[in-house]
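Structure assessment
Here are the chains, one letter per residue:
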Amino acid sequence: TGLSVSNLVGATGTTVSLACYLYRRSDYTQVVGRVVTMMVDGVVVGSGITDVGGNAYVSYSIPSDAKKGRHTIKAIFAGSDPYMASSASAVLTVN
């Protein structure tokens, strides 16, 4: 199972949409109806269920006191028969 995450740019005090795409590696077909957990800098910020396109979204409010610069976004799919676990990372740049 493959997972990809989108890089984002956002400002402190705003809300961004963390997005990921879950797919079968064998044929790159989207995986529907599975839970993906999203983290920012190692802290779980929510979970989303993949839609008919294999995409899952989690709204994330960037704290007003967040450090400016690069932060790590990580998406984790724990696995669910018949799909194997997978994870991927991207960057949230805070302005």
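Scroll up to find the structure.
Summary of the structure given here. Source: prediction; values computed, not measured.

About the criteria used
Residues numbered from 1 in each chain as written. Predicted model: local features only at pLDDT ≥ 70, side-chain atom pairs only at ≥ 80, totals over all residues. Heavy atoms only, no water. Helix = DSSP H or I, 4+ residues; strand = E, 2+ residues; numbered from the N terminus. Buried < 20%, exposed > 50% of the residue type's maximum accessible area, 1.4 Å probe, protein only. Pairing = 2+ DSSP bridges.

This brings us to unusual backbone geometry. Of note, the bond from Asp81 into Pro82 is cis; its omega dihedral lies within 30 degrees of zero at 10°. Mapping Pro82 onto the fold places it in the loop between strand E7 (69–77) and strand E8 (86–94). A positive phi angle is found at Tyr28, which is not glycine, with a value near 60°. Along the chain, Tyr28 turns up in the loop between strand E3 (15–23) and strand E4 (35–40). Tyr28 sits in the exposed class, given a relative accessible area of 60%. You will see that Asp41, though not glycine, has its phi angle at about 50°, which is positive. In this fold, Asp41 is placed in the loop between E4 and strand E5 (43–49). On the basis of relative accessible area, Asp41 is assigned to the partly exposed category, the value being 42%.

Bridge count between E4 and E5: six bridges; the pairing is antiparallel. Bridge assignment links Met39 to a residue of E5, and that residue is Val44. Remark: two residues form the turn of the hairpin made by E4 and E5, two consecutive strands paired antiparallel; Asp41 in that turn has positive phi of roughly 50°.

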